[in-house]
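Understanding the architecture of this molecule
In case you want the letters, here they are:
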Amino acid sequence: MSLQTRLTLLYTSLIGGMLLLFGASVYALLSVLLVRQVDATLLQTAQDLIASIQVSAVGDVKALSLPNLDFTANVFVQVWSPTGKLQQSSPNLGAITTPLDPVGLRQGHPTLRQTRIGQTRLRVLTVPLELSGRPVAVLQVAALLTSVDQARRVLVTALATALLLTVGLALLIGGWAIRRELAPLEEATRIAQTITETGNPSRRIPLPRRHEGDEIGALIHAFNDTLTRLEHQFAVQRRFLADVSHELRTPLTVIKGNVQLMRRFGKADPEALQSIEQEADRLTRLVEELLFLVQAESGHLPLQRKLVPLEELVLEVAQEVRVLAREKPHLRLLVKPLEPATVCGDRDRLKQMLLNLLSNALKYTPDGGEVRVGLFPKEDEALLEVQDTGLGIPPEDIPYLFERFYRADRARQRSKGFGLGLSITYWIVQNHQGTIEVTSQPGKGALFTVRLPLLAEGQPCNGEGNAT
C-alpha cells in the first residue's frame, strides 16, 4: 500500500471517527432531552392529578375528575388500590386492565421506568398515594415513546447520511490534497530512478513555492544537496581514475621502454636499470599513498594516541627535510622560535602531516626563496604555520586543493608528486579534530595554517582509537 493511500485512509478514518463520536454524542444528548421532556410531562400530569384527588368515606379514590386533562395526547393514567385492584383508568386505555408498570407498582416509592405493552414502548411514572400516613392508592401515569423513537430514527438517518457524505468527500478531497502535497516526493523518486538507470546525477528536483520552509521543502533541499555532492564525487572519481591511469602509465612506459632497450642491445645498461629502479620506487610510493587513503576513508586505519610535544616534532621534521633543500643551495628553511604546545594524537601521523607540508613548500619554492615554519599556542589551540615564497596558488584552485590528484597549475603537474600528499594531510588533521586553512596569492607564496586542540594540563589523553 502506497504512502498516499495510507495517508488518505488515515485522514478519512480520523474524520469519520470524529464525526462518529460527534453523532453518538448528539444522539445521546437528544435522547436524554426527549426523555426528560416526556418525564416533565408525566410529572406535571401527576401533580395535577394528585392536586385533584378525592377520597370517599370508604377509601375510594377519584383521581380522574379534571375536566381540562387531555387523555388523548398519548398520556395514560391508572389508579390502583393498595391491594392491587384497578380502581380507575383513562378512557384512552380502552380494555387494558393490566398495570402499566407491574414492577413499579410493587416498589412502594415513586419510580420512572420504561416498559412495553405489546410492541408499544411506554415511559411510566408510578407514585404511591397516602392519606394520614396510610397508603390509599397507587397512581401510574404513562406516555408513549413513539415520538421519541421516531425522532431518534430521523436523527440516526440524518447522521448516517452526513457521515457517509463527509467520508466520501474526505476521501476525494483528502486524496487530491495529499497527492498534490506528495507530488514532489514522486518527482524525487522518478529522478532517483533516472539517475540509477543513467548514472547521471545532474538532475535536480524542482521545489514548489508552497513547500518552501516546510518539511517537504527541507527534504527536497537535502536531496538536491546530496545530488550535488554525489555529482561532485562522480566527477572526482572520474578524475581520480583518469589521474591514476596517467600516473601509472608514465612509469610503466619508462620501465617497458628501458627493458626493450636492454633486450635490443642484449646487455644490462646501468642508466636503464637506474631509471627502472626510480620508476619502481615511484610506483611503490603511489601504491602506498593510495593504500593509505583507502584505509583512512574506510575507517580501518588505527591512530595510536599519546602525548605529542609539537615543538620537538617540528624540529625533528625540519632537520629531516633540510636534505631536500640541498638540491636548492640558495633556498632557506627558517624555523621561528617555537613555543611549547602539547596535543593528544598519533605521533607518526602528525609527523607525516608536517613532512607533507614542509616538503610541499620546499618543492614549489624556487632556489633563492624562503620557507618558514612556526608554532605557538592560541587560547585552546596549537597553531602550526608553514609559509613559503614560492609559486603561490590561484584563488579558484584553493577549494579543491585537498582533493586527490589535484594540482593547481602546469608547473605543479610537472613535479614528481602525485597530488595525494595534501589529501593525506587533510585527513590526518581532520581525524585529530583540527582544521587546516590556506591563504595564497599567485607569485607570492602560500601560507598553510593547521589548528589542533591543545591538551590541557592534567587532562588525560585517550588511548588507541580507530579513525572514522
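Small disclaimer: the values here were computed from a predicted structure and weren't measured.

Cut-off values and rules
- Residues numbered from 1 in each chain as written.
- Predicted model: local features only at pLDDT ≥ 70, side-chain atom pairs only at ≥ 80, totals over all residues.
- Heavy atoms only, no water.
- Buried < 20%, exposed > 50% of the residue type's maximum accessible area, 1.4 Å probe, protein only.
- Helix = DSSP H or I, 4+ residues; strand = E, 2+ residues; numbered from the N terminus.
- Salt bridge = Lys/Arg side-chain N within 4 Å of Asp/Glu carboxyl O.
- Pairing = 2+ DSSP bridges.
- pLDDT = per-residue confidence, 0-100.
- Contact = heavy atoms within 4.5 Å.
- Core = buried A, V, L, I, M, F, W, Y, C linked by side-chain atoms within 4.5 Å.
- Polar contact = N/O pair within 3.5 Å; in protein donor to acceptor, adjacent residues only side chain to side chain.

Within helix H10 (residues 421-430), seven of the 10 residues are buried, leaving the element largely enclosed by the surrounding structure. Among the residues making up H10, those that are buried are Leu422, Ser423, Ile424, Thr425, Trp427, Ile428 and Val429.

This part takes up the pattern of salt bridges. Overall, the coordinates contain 11 salt bridges when judged by the stated rule. For the salt bridge of Lys351 with Glu316, the shortest nitrogen-to-oxygen distance reads 2.8 Å. One end of the pair, Lys351, is in helix H8 (residues 347-363); the other, Glu316, is in helix H7 (residues 310-325), and 35 residues separate them in sequence. Close ionic contact of Arg372 with Glu370 constitutes a salt bridge, the shortest N to O distance being 2.0 Å. Exposure remark for Arg372: the relative accessible area of 21% places this residue in the partly exposed category. Linked by salt bridges that have partners in common, Glu316, Glu320, Arg347 and Lys351 make up one network.

Looking now at the pairing of strand E13 (residues 381-388). Counting buried residues in E13 gives six out of eight residues, a clear majority hidden from the surface. Direction of pairing for strand E12 (residues 370-378) relative to E13: antiparallel, over a ladder of eight bridges. Note that in E13 the partner of Phe376 across the bridge is Leu383. Between E12 and E13, which pair antiparallel and follow one another directly, the connecting turn spans two residues, one of which, Glu379, has a positive phi of 55 degrees. One ladder, built from seven bridges, connects E13 with strand E15 (residues 446-453); its direction is antiparallel.

With that settled, consider the confidence of the model for the protein chain. Here the protein chain averages 81 in pLDDT, while 88% of its residues score no lower than 70. Across residues 66-72 the pLDDT falls below 50, and counting only partners more than four positions away or on other chains, this stretch makes 11 contacts in the model. pLDDT under 50 marks residues 464-468. Its contacts with residues more than four places away, or in other chains, come to 17 contacts.

Next up on the list: the nonpolar core. Among the nonpolar cores identified, the biggest contains 41 residues, and Leu310, Leu350, Met353 and Phe448 are the most heavily contacted of them. Secondary structure elements with two or more residues in this core: H7, H8, E12, E13, H10, strand E14 (435-440) and E15. If sequence neighbours within four positions are ignored, Phe448 has contacts with Leu357, Asn360, Leu384, Glu385, Val386, Ile393, Leu401, Phe402, Leu422, Ile436, Glu437 and Val438. The next biggest cluster of nonpolar side chains, apart from the first, holds 18 residues, and it includes Val127, Ala137, Leu139 and Leu145.

Attention shifts here to the environment of Arg116. Relative to the helices and strands, Arg116 is located in strand E5 (residues 111-117). In the structure, Arg116 is positioned 29 residues away from Leu145 in sequence and 10.0 Å away in space, judged by C-alpha atoms. There is a polar contact of 3.5 Å between the side chain of Arg116 and the backbone oxygen of Gln119.

What follows is about unusual backbone geometry. Here the phi dihedral of Glu379 falls at roughly 55 degrees; this positive angle occurs in a residue that is not glycine. Turning to its location among the elements, Glu379 is positioned in the loop between E12 and E13. The class of Glu379 is exposed, set by a relative accessible area of 76%. Positive phi outside glycine occurs at Gln433, with the angle close to 55 degrees. With respect to the helices and strands, the residue Gln433 is situated in the loop between H10 and E14.

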